[in-house]
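Descriptive analysis of the structure
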Amino acid sequence: MEIKWQKTPPGQDGQLQDFTATSRNGINIGRVYRIDSGPDLGLWFWTFLLGHSQFRMTDVSGVQRSRPHAAQQVARAYQRYLETAGSDGGGLSRIPFINPANSNRKPPCP
């Protein structure tokens, strides 16, 4: 499992300590940033971006005391995602996709 971290381009919120996690194939999978105000000032927010339905009912975001701890949470969520069946909202699909328009009823080529 390879994750590449890069500084998130500045947006409307203007976060200075903001980083995006990207998978090996270039898909954004998560984000961590330092909280600059409020009761969580100085802590790090993390969020995992992939998955749907049932998978997203698990821990996919939170607050940690440091950037490395927040990044570790994103990595853990990504690992869970990769190990979770697509039918449960994860990235591991054991059910081949069959396109109804495909006349031979075989899964499309990878």
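Quick look at the structure, then. Note that this is a predicted model, so its numbers are computed, not measured. (Residues numbered from 1 in each chain as written. Predicted model: local features only at pLDDT ≥ 70, side-chain atom pairs only at ≥ 80, totals over all residues. Heavy atoms only, no water.)

Counted by the stated rule, this structure contains six aromatic pairs. For the pair F48 and Y81, a centre-to-centre distance of 5.7 Å together with 55 degrees between the ring planes defines the contact as tilted. In this pair, F48 is assigned in strand β4 (residues 44-48) and Y81 in helix α1 (residues 67-83), connecting sequence segments 33 residues apart. Y81 shares its class with F48; the two are buried. (Phe/Tyr/Trp six-rings, centres within 6.5 Å; stacked < 30°, edge-to-face > 60°. Helix = DSSP H or I, 4+ residues; strand = E, 2+ residues; numbered from the N terminus. Buried < 20%, exposed > 50% of the residue type's maximum accessible area, 1.4 Å probe, protein only.)

What follows concerns the side chain of T84. Within the secondary structure layout, T84 lies in the segment after α1. When its relative accessible area of 18% is taken as the criterion, T84 is described as buried. A polar atom in the side chain of T84 sits 2.6 Å from the backbone oxygen of R80. With residues up to four places along the chain from it excluded, the contact list for T84 reads F55, G90, G91 and L92. (Polar contact = N/O pair within 3.5 Å; in protein donor to acceptor, adjacent residues only side chain to side chain. Contact = heavy atoms within 4.5 Å.)

Attention now moves to α1. Here α1 contains 17 residues, and its C-alpha end-to-end distance of 25 Å stays within 8% of the 24 Å for a straight helix at 1.5 Å per residue. Taken as a whole, α1 has its buried residues at A70, A71, Q73, V74, A77, Y78 and Y81. One face of α1 carries all of its buried residues, which in axial projection span an arc of 150 degrees. More than 90 degrees from the buried face of α1, the exposed residues found are P68 and E83. (Expected span 1.5 Å × (residues − 1). Arc of directions from axis to C-beta.)

Moving on, we get to the environment of V60. Looking at the element boundaries, V60 is found in the loop between β4 and β5 (61-64). Considered as a pair, V60 and R76 are 16 residues apart in the sequence and their alpha carbons are 9.5 Å apart.

Before going further, it helps to spend a moment on the environment of Q54. Within the fold, Q54 resides in the loop between β4 and β5. Residues Q54 and D88, 34 residues apart in the sequence, show an inter-C-alpha distance of 5.7 Å.

Hydrogen bonds between backbone atoms are what pair the strands of a sheet, whose relative direction is either parallel or antiparallel. Spatially, β1-β2-β3-β4-β5 is the arrangement adopted by the five strands of the open sheet, whose pairing is antiparallel. The open sheet terminates on both sides in strands that have one partner only, identified here as β1 (3-7) and β5. With strand direction ignored, the average angle separating the axes of adjacent strands in the sheet is 20 degrees. The sheet contacts of α1 involve β1, β2 (18-23), β3 (28-34), β4 and β5, and relative to β4 the element is tilted by about 15 degrees. (Pairing = 2+ DSSP bridges. Axes fitted to C-alpha atoms, helices over the stretch in contact; angles between N-to-C directions.)

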